[in-house]
Structure formats: structure tokens, C-alpha cells
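One letter stands for each residue in the lines below.
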Amino acid sequence: MEVRLEKSWKNLLKDEFAKSYFKGLAEFVRHEYQSDTVYPPPKFIFNALDSLPVDQVKVIILGQDPYHGPGQAHGFSFSVPNGIKAPPSLINIYKEIETDLGHPYHASGNLDRWVKQGVLLLNATLTVRANQAGSHQNKGWETFTDAIIHGLANQKDHLVFILWGNYAQKKGSFIDTDKHLILKAPHPSPFSAHSGFFGSRPFSQANQYLIEQGLIPIEW
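Residues numbered from 1 in each chain as written. Predicted model: local features only at pLDDT ≥ 70, side-chain atom pairs only at ≥ 80, totals over all residues. Heavy atoms only, no water.

The name that an unreviewed UniProt entry assigns to the protein chain is Uracil-DNA glycosylase. According to UniProt, the comment filed for the protein chain under the heading Subcellular location (unreviewed entry) is "Cytoplasm". The record in UniProt for the protein chain states the following under Function (unreviewed entry): "Excises uracil residues from the DNA which can arise as a result of misincorporation of dUMP residues by DNA polymerase or due to deamination of cytosine." (UniProt positions renumbered as here; feature names shortened; annotations may be inferred.)

Engineer: Talk me through the sheet that holds strand 5 (residues 160-164); I want residue IDs and the actual numbers.
Structural biologist: What the four strands build is an open sheet, ordered 3-2-5-6; its pairing is parallel. The sheet is open, and its two edges are formed by strand 3 (119-123) and strand 6 (181-185), each paired on a single side. Averaged over all neighbouring strand pairs, the angle between strand axes comes to 20°, with direction disregarded. Against the sheet, helix 6 (residues 141-155) contacts strand 2 (59-63), strand 3 and strand 5, and its axis sits at roughly 150° relative to strand 3. Packing of helix 8 (residues 202-212) onto the sheet brings it into contact with strand 2, strand 5 and strand 6, and relative to strand 6 it is tilted by some 175°. (Pairing = 2+ DSSP bridges. Helix = DSSP H or I, 4+ residues; strand = E, 2+ residues; numbered from the N terminus. Axes fitted to C-alpha atoms, helices over the stretch in contact; angles between N-to-C directions. Contact = heavy atoms within 4.5 Å.)

Engineer: Explain the nonpolar core to me, and be specific about the residues and the numbers.
Structural biologist: Counting residues in hydrophobic clusters, the biggest one holds 68 residues, and the most contacted among them are Trp9, Ile61, Trp114, Leu120, Phe144 and Trp220. When residues of this core are assigned to their parent elements, the largest contribution, seven residues, is made by helix 6. Discounting chain neighbours no more than four positions away, the residues touching Ile61 are Ser77, Phe78, Trp114, Val119, Leu120, Leu121, Leu122, Ile162, Trp164 and Trp220. (Core = buried A, V, L, I, M, F, W, Y, C linked by side-chain atoms within 4.5 Å. Buried < 20%, exposed > 50% of the residue type's maximum accessible area, 1.4 Å probe, protein only.)

Engineer: Residue-level account of the packing of aromatic side chains, with values.
Structural biologist: In the structure shown here, the tally under the stated rule is 15 aromatic pairs. Measuring from ring centre to ring centre gives 6.1 Å for Phe17 and Phe144, while their planes differ by 35°; the resulting arrangement is tilted. Linking Phe17 in the loop between helix 1 (7-12) and helix 2 (20-35) with Phe144 in helix 6, this pair joins segments that are 127 residues apart in sequence. With a centroid separation of 5.3 Å and an interplanar angle of 45°, the aromatic rings of Phe22 and Phe144 are classed as tilted. Residue Phe22 is found in helix 2, and its partner Phe144 is found in helix 6; the two are separated by 122 residues along the sequence. Grouping residues by exposure puts Phe22 and Phe144 together as buried. Cluster of aromatic residues (ring-pair linked, three or more members): Phe78, Trp114, Trp164, Phe197, Phe198, Phe203 and Trp220. (Phe/Tyr/Trp six-rings, centres within 6.5 Å; stacked < 30°, edge-to-face > 60°.)

Now the structure itself:
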């Protein structure tokens, strides 16, 4: 797996590429793409990073795995390409935006409009085997994406981390709450959304914080 990254990320993460875990991860991922159906398409593995330079990041939304159905994953957590039906978790996110901000339900499940405003949509694991959720967990991706979070949290001030569900909250447990805003809620999945995700109002809270820091809020 050749690592082609937007230059600011390549600089932030340069030490990771030489580590033994990453070399093993690269070999595993290369073999998986050669021998099985894996998502997202290779050109989208680092889409979240390539689409948003480090200095433009304002909000981080952590996901777990890419979607594992055909045509769904394109490198942004919770997002699907244009023309693909919004999955249940994303529908619930839209419902909360409507409740929180009064914005009508968006027709497209493609969240690249958020990315362009400074929202990093980062999955903990950047690849997955087709129809096998979690199949690329514990292969090294989590160490790599921890390095992303550490690098951002140390290098930048006044970021908003939106952590939905226990997995994301554990992954973000080291973030300095004196330096950044941490917003926690249950996962937007239909299995947990009614346990506190609905009504958590993360979008208005994130925007209020950004405004207080003199930054432009996100048009969710």
C-alpha cells in the first residue's frame, strides 16, 4: 500500500510510516485487496485526510468501521457517496440536526459539504472486508488513527471532538478537555439513538464553541 497523503498530514504522521506495525498493516491491507472484496476503493482509503489539510480541521467526528456494503464507503465516517441511500445511523444524525438546528432533512448522504468546512470524518479502521463488519480491526489501523488524534490534539487548540458511542469515547479518552471541547453521546445507530443520542444537541454546541473561539460555525 503506497501512502499518498496531503502534505500536511504526511508531515504530521511521517514517523508512523517507518514503524513496524504500519509495515505489517500495509502488507495485510495489500493482500486483502488482492484476495477479497474490500471497501472503500483503494483511492478513498485516506480520503478523510486528503480532503482536509491539518490547519483547516475544526471538528472531528469519530466512527468505527467503513460501511461494508457495495458502493457505500468512500473514506468519510457516516457518509455515503451521492446517489446511495443514507444508512440508518446517518438518518438519525439528520433527525438530530433537524431537532437541534431546525434544518430540514438533507437529500444527500454525502457529507463532503461538512469536510469542506473543516469537519474531519475519521473512522478508527480505514478498511473493511465486504459484508464483514470489524474484519480489519486489530490489524494496526487503530494505532495509526490514534496517532492522528494525538497529533491533532497536541498541535492544535480549540478543536471540537464529537464522540458517539462507547468505542469512540474510549478512543478519545486521552484528549485534553481543558484545551478542546469533547461532546459525548450514545451512538446514532437505531439500537442506541433513543438512549440519549436524540436530544444531545451536538451540532449547536459545536457551533457555539467555534463562535466563542472566533471561528466560523459549521453549516450542518
